[in-house]
Amino acid sequence: RAFRVQFNSAIGPYKGGIRLHPSVNQSIMKFLAFEQTLKNSLTGLAMGGGKGGCDFDPKGKSDVEIMHFCQSFITELFRHIGADTDVPAGDIGTGAREVGYMFGQYKRLKNEFTGVFTGKGLAFGGSLARPEATGYGLCYFTNKMLEVMKQTSFKDKKVIISGSGNVAMYALQKVTELGGTVVAMSDSGGYIYNENGIDFEVIKEIKLNNRLRINEYLKYYPETVYVANSKEIWGVKCDIALPCATQNEIDIEDAEKLVANNVLAVAEGANMPCTLEATNYFIENNVLYGPAKAANAGGVLVSGLEMSQNSMRLSWSFEEVDEKLKNQMEKIFMEVYECAKHYGNEYNTVLGANISGFKKVATAMMAQGVC
């Protein structure tokens, strides 16, 4: 059973990922489309909000089975999407392979080559820096938050990152470049700890190239500690925590541990990894907080840049895309921060992000006579 929720197009074509996972239902798609609307608004680009998916599970399926599913899915969806109507992208269960199959079927049915999907392969309209975008953007946002609110940076800070997928992996790379030390990372089986820092190239080799468990890291650095419980990573003493694994991974108990260890900042790389109680606890204790809809907007931001490149039939260099990403993520932080401060609490960036994102959409709707 498949869904596509076109939530709001007041500021641009509907834009949001396609999720392939057994948990997909209409309720989840509606909620994610609402969140996507506010996130896309914060990017400053002309993108509305949407989300889609299917309860088809790609795990254990062959390439041919997945291709046939993607082709059948787009045969039903193609009449509802388009470069100026609705531009889907990848999400959980939908990577470059699935996007390629979906794009190919759309092109076949419409007999046209347009930028109707983002996250495409570089050979047919994809953008450089897209895999790195969410992790890099998270760090640019967090670094600006540290600079403005505490007159500091990642330099000489101890950082923990949950997860070891694309977001976590490229956050590790950028934190290291910015002078920080990532001392702990995790996967669903457990976490590794090394006070001297985690090696990006080794993590990339283990997780991206070979898809192995994170405890393989000990073969490269035997002095590393491995704990077979990923939840316990939040008890590791750190200056900055970047949850990049999954939703609701930090609950109130974890938040209390982090605050007790004098955490300076928490920024969300995953979609809503902190429970509401944990979020409120961080804000009440004046911890710098980057809510997901702002802090992890780098992915959809570069998807928006991919749309621009497709429209102009251009391909920007990695450096050009990265510079645009950095500038825009810093602008997002400043907008969220100024809004939160205006409404009485500069630490309540959740309020700032929600109001900032909503106001742009609401203003456009009112101006267009939709009220």
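Parameters and conventions
- Each residue is numbered by its place in its chain's sequence as written, counting from 1.
- Local features in this predicted model are restricted to residues whose pLDDT is 70 or higher, and side-chain atom pairs enter the listing and the counts only when it is 80 or higher, whereas totals over whole chains, interfaces and linings include all residues.
- The basis for the side-chain values is all heavy atoms of the structure; hydrogens and waters are excluded.
- Here a helix means four or more residues in a row that DSSP labels H or I, a strand means two or more in a row labelled E, and each is numbered from the N terminus.
- This radius of gyration counts C-alpha atoms alone. The globule rule is 2.2 Å times how many residues there are, raised to the power 0.38.
- Burial here depends on accessible area, computed with a 1.4 Å probe over protein chains only, as a share of the maximum for the residue type. Under 20% is buried, over 50% is exposed, and the range in between is partly exposed.
- The contact criterion used is simple: two residues touch if any of their non-hydrogen atoms lie within 4.5 Å.
- With residues, only the protein chains shown are counted as cover, and all accessible areas are computed by Shrake-Rupley using a 1.4 Å probe.
- Here Asp and Glu are counted as negative and Lys and Arg as positive; His is not counted, and neither are the chain ends.
- A charge is said to be at NZ when it belongs to Lys, at CZ for Arg, at CG for Asp and at CD for Glu.
- Pairs of N or O atoms within 3.5 Å make up the polar contacts considered here, provided that, within protein, one atom can donate a hydrogen while the other can accept it, and that residues adjacent in sequence are counted only when both atoms are side-chain atoms.
- Think of a 1 Å grid over the protein atoms and nothing else: a 1.4 Å probe that fits but is trapped marks a cavity, an open set flanked by protein within 12 Å on at least five of seven lines marks a pocket, and residues with an atom within 4 Å of a point count as lining.
- Grid points are joined across faces, edges and corners, and a volume is the space filled by probe spheres set on the points.
- Each residue is assigned to one class: nonpolar for Ala, Val, Leu, Ile, Met, Phe, Trp, Tyr, Cys and Pro, charged for Asp, Glu, Lys and Arg, and polar for all the others, Gly among them.

Caption draft 1: Layout of the overall build of the chain. Within the chain, the regular secondary structure consists of twelve helices and eleven strands. Against the globule reference of 21 Å for 371 residues, the chain gives a C-alpha radius of gyration of 20 Å, in line with a compact fold. Burial statistics for the chain: of 371 residues in total, 53% are counted as buried. When contacts within the chain are restricted to residue pairs at least 6 apart in sequence, long-range pairs at least 24 apart make up 71% of them. Surface summary for the chain: the accessible area is close to 15,900 Å², and the carbon and sulfur share equals 51%. Of the charged side chains in the chain, 38 are positive and 41 negative; the average position of the first set lies 5 Å away from that of the second.

Caption draft 2: Molecular detail of the environment of Lys207. Along the chain, Lys207 falls in helix 6 (residues 200-209). Residue Lys207 is classed as buried on the basis of its relative accessible area of 15%. Counting along the chain gives 42 residues from Lys207 to Gly165, while the straight-line C-alpha distance between them is 7.2 Å. Setting aside residues up to four positions removed in sequence, Lys207 forms contacts with Ser164, Asp187, Leu212, Arg213 and Ile214. Looking at Lys207, its side chain comes within polar contact range of the side chain of Asp187, at 3.1 Å. Here Leu212 takes part through its backbone oxygen, which lies 2.9 Å from a polar atom of the side chain of Lys207.

Caption draft 3: Broad picture of the layout of surface pockets. If you add up the space inside the second largest pocket, you get close to 260 Å³. Contributing to the lining of the second largest pocket are 17 residues, with Met272, Leu276, Thr279, Lys293 and Val350 lying nearest its centre. Contributing elements (two or more residues each) for the lining of the second largest pocket: helix 1 (26-43), helix 8 (276-284), helix 9 (292-295) and helix 12 (349-367). In terms of residue count, helix 8 provides more of the lining of the second largest pocket than any other element does, four residues in total. When grouped by side-chain class, the residues that make up the lining of the second largest pocket number ten nonpolar, four polar and three charged.

Caption draft 4: Fine view of unusual backbone geometry. Of note, the phi angle at Asn111 is positive, near 55 degrees, even though the residue is not glycine. Residue placement: Asn111 occurs in the loop between helix 3 (96-110) and helix 4 (133-150). A positive phi angle is found at Met272, which is not glycine, with a value near 50 degrees. Position of Met272 relative to the elements: it lies in the loop between strand 10 (265-267) and helix 8. By relative accessible area, which is 36% here, Met272 ends up partly exposed.

By themselves, these observations are geometric and do not establish any function.
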